[in-house]
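Fold and geometry: a report
Okay, here's what each chain looks like letter by letter:
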Amino acid sequence: MPSNNRRAMIEAMLAETPNDPELRYMLAMEYVSAGDDAGAVRCFQELIEAAPTYSPAYHQTGRALQRLNRLAEARSLLQQGIPIAQKQGDHHAAGEMMELLQSLE
């Protein structure tokens, strides 16, 4: 299925269930796959606003911000996301964010 069709399908599902964090994550990842990091960051930020404890969003937003060379924003976001992941017991996500944060220093 072409990427635009997948994105349209996800957007249609989001119109019905706008607070579904997995759908918001999937939409943001479609933007990443299309090479649209600015669009991905926007979607990830909307996801973080809607579901502030959804830790994978912090990691992927940090990566997209890094690709956009918005390093200060990436560092700040990762510093927010690491304790959220740790509090949820998601040590894998916390570790990935710590590694990314160290690579930005």
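A short tour of the structure in this document, coming up. Keep in mind that this is a model prediction, so the values were computed, not measured.

For the rest of this paragraph, the subject is the overall build of the chain. Helix and strand counts for the chain come out as six helices and zero strands. Ordered by position from N to C terminus, the α and β elements of the chain give α-α-α-α-α-α. Looking at the 105 residues of the chain, the share that counts as buried comes to 40%. Contacts in the chain between residues at least 24 apart in sequence constitute 41% of all its contacts with a sequence separation of at least 6. Averaging the locations of the 9 positively and 14 negatively charged side chains of the chain gives two centres separated by 4 Å.

Formed by 31 residues in total, the largest nonpolar core has its most connected members in L27, F44, L47, Y54, A57, L78 and M97. For this core, the elements supplying multiple residues, two or more each, are helix 1 (3-16), helix 2 (21-33), helix 3 (37-50), helix 4 (55-67), helix 5 (71-87) and helix 6 (91-104). If sequence neighbours within four positions are ignored, L78 has contacts with Y58, H59, G62, M97, L100, L101 and L104.

On to helix 6. In this model, helix 6 (14 residues) spans 20 Å end to end at C-alpha, consistent with the 20 Å of a helix rising 1.5 Å per residue. Restricting attention to buried positions, one finds in helix 6 the residues A93, A94, M97, L100, L101 and L104. Across the axial projection of helix 6, the buried residues extend over an arc of 130°, all falling on one side. Among the exposed residues of helix 6, those oriented more than 90 degrees off its buried face are H91, H92, E99 and Q102. Those residues of helix 6 that are buried lie in contact with helix 4 and helix 5.

Our focus in this paragraph is the packing of aromatic side chains. One pass over the structure, following the stated rule, counts two aromatic pairs. Consider the rings of Y25 and F44, whose centres lie 5.9 Å apart with planes at 55°: the pair is tilted. Separated by 19 residues along the polypeptide, Y25 in helix 2 and F44 in helix 3 bring together distant segments of the chain. The pair Y25 / F44 is uniform in exposure class, with both members buried. An aromatic cluster of at least three residues, connected via ring pairs, comprises Y25, F44 and Y54. Across the ring face of Y31, the terminal group of R7 is positioned such that the distance to the ring centre comes to 4.5 Å. Lying over the aromatic face of Y31, R42 brings its terminal NZ or CZ to 5.5 Å of the ring centre.

Parameters at a glance
Residues numbered from 1 in each chain as written. Predicted model: local features only at pLDDT ≥ 70, side-chain atom pairs only at ≥ 80, totals over all residues. Heavy atoms only, no water. Helix = DSSP H or I, 4+ residues; strand = E, 2+ residues; numbered from the N terminus. Buried < 20%, exposed > 50% of the residue type's maximum accessible area, 1.4 Å probe, protein only. Contact = heavy atoms within 4.5 Å. Lys, Arg positive; Asp, Glu negative; His and termini not counted. Charge placed at Lys NZ, Arg CZ, Asp CG, Glu CD. Core = buried A, V, L, I, M, F, W, Y, C linked by side-chain atoms within 4.5 Å. Expected span 1.5 Å × (residues − 1). Arc of directions from axis to C-beta. Phe/Tyr/Trp six-rings, centres within 6.5 Å; stacked < 30°, edge-to-face > 60°. Lys NZ or Arg CZ within 6 Å of the ring centre and 35° of its normal.

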